[in-house]
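Spelled out, the chains give:
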Amino acid sequence: MSEERDEDDCADEELILARWGSEDALLDHLMRVVGELCPAICGETAEVPVVEVRPSSLSRGHFGEHHAAAEYEPAAREWPSRIILFPSVVFDKATVRTAIAHELVHHWESLGAHGAESLRLPSDTEAVLSQRFGQPDRIRRWRSGHSDRFIAKAAIVSAQLGLPFGQILNYRPGAAR
Ligand SMILES: [Zn+2]
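Everything in this summary refers to the structure shown in the same document. Everything numeric here is computed off the predicted structure, so don't read it as measured data.

What to know about the overall build of the protein
A tally of regular secondary structure across the protein gives seven helices and three strands. Along the protein, from the amino end to the carboxyl end, the secondary structure elements read α-α-β-β-β-α-α-α-α-α. For 177 residues, the compact-globule estimate of 2.2 N^0.38 gives 16 Å, and the protein sits close to it at 16 Å. The C-alpha extent of the protein, read off along each of the three principal axes, is 45 × 40 × 30 Å. Burial status across the protein gives 28% buried among its 177 residues. Restricting to contacts in the protein with at least 6 residues of sequence separation, those with at least 24 account for 70%.

Comments concerning the nonpolar core
Soluble, globular proteins show a tendency: their nonpolar side chains are buried together. Counting residues in each nonpolar core, the largest one holds 33 residues, and the members touching the most others are Ile-41, Leu-85, Val-89 and Leu-104. Apart from residues lying up to four places away in sequence, Val-89 is in contact with Ala-69, Ala-70, Thr-95, Val-96, Ala-99, Tyr-171 and Pro-173.

Things to note about the packing of helix α4 (residues 125-133) against helix α5 (residues 136-143)
The N-to-C vectors of α4 and α5 enclose an angle of 110 degrees; their axes lie 9 Å apart at closest approach. What the angle tells us is that α4 and α5 run roughly perpendicular. Of the two possible hands of crossing, α4 and α5 adopt the one that is right-handed. On α5, the residues that touch Leu-129, Ser-130 and Phe-133 of α4 are Arg-138, Ile-139 and Trp-142. Classifying every residue of the contact of α4 with α5 by side-chain character gives four nonpolar, one polar and one charged.

Quick word on helix α1 (residues 7-20)
An ideal rise of 1.5 Å per residue puts 20 Å on 14 residues; α1 measures up with 20 Å between its terminal C-alpha atoms. At the C-terminal side of α1, Gly-21 shows a positive phi close to 90 degrees.

Criteria and cut-off values
- Residues numbered from 1 in each chain as written.
- Predicted model: local features only at pLDDT ≥ 70, side-chain atom pairs only at ≥ 80, totals over all residues.
- Helix = DSSP H or I, 4+ residues; strand = E, 2+ residues; numbered from the N terminus.
- Rg over C-alpha atoms; globule rule 2.2 N^0.38 Å.
- Buried ≥ 20, exposed ≤ 12 C-beta atoms within 10 Å, placed from the backbone.
- Contact = placed C-beta atoms within 7 Å.
- Core = buried A, V, L, I, M, F, W, Y, C linked by C-beta atoms within 7 Å.
- Axes fitted to C-alpha atoms, helices over the stretch in contact; angles between N-to-C directions.
- Parallel < 35°, antiparallel > 145°, perpendicular 65-115°, else oblique.
- Left-handed = near helix turned anticlockwise from the far one by under 90°.
- Nonpolar A, V, L, I, M, F, W, Y, C, P; charged D, E, K, R; others polar.
- Expected span 1.5 Å × (residues − 1).

Okay, structure coming up:
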């Protein structure tokens, strides 16, 4: 994928070095956060996903549109489950923690959504979504990848970890407040 590197990727490297000292220090931090939050969100026996940082250029589509700040890939065949963070979310620890919590809710769903039957959609869901996403078409698009049980689990995780509910749903820097 090296042909996809661009100027932004060099800027990513510089910012990672400035913020974390080294890429290894960043990865150590990410693994610590995933190792701490995975049992809390997905249960003590859940497999802990691999976490990696990919260059900004890989978070965009062919027309340069912005795709993702983080992604979750479920385990498939010999591949372990994976949380991928793009540089736009690794520059402050609070955003890292919130983004990882969000992706671990996807992990929880992919492992069978244990305990989902007792979850309820919070009554303020619509208000929080419109506050965090703004336009109805953005909410509809987001909803196509995030089920009611995802949202209900995010509310529990929010209470459990003391992270704002709206930010777990949409942790992107620059999201509507
Ligand atoms: Zn998501």
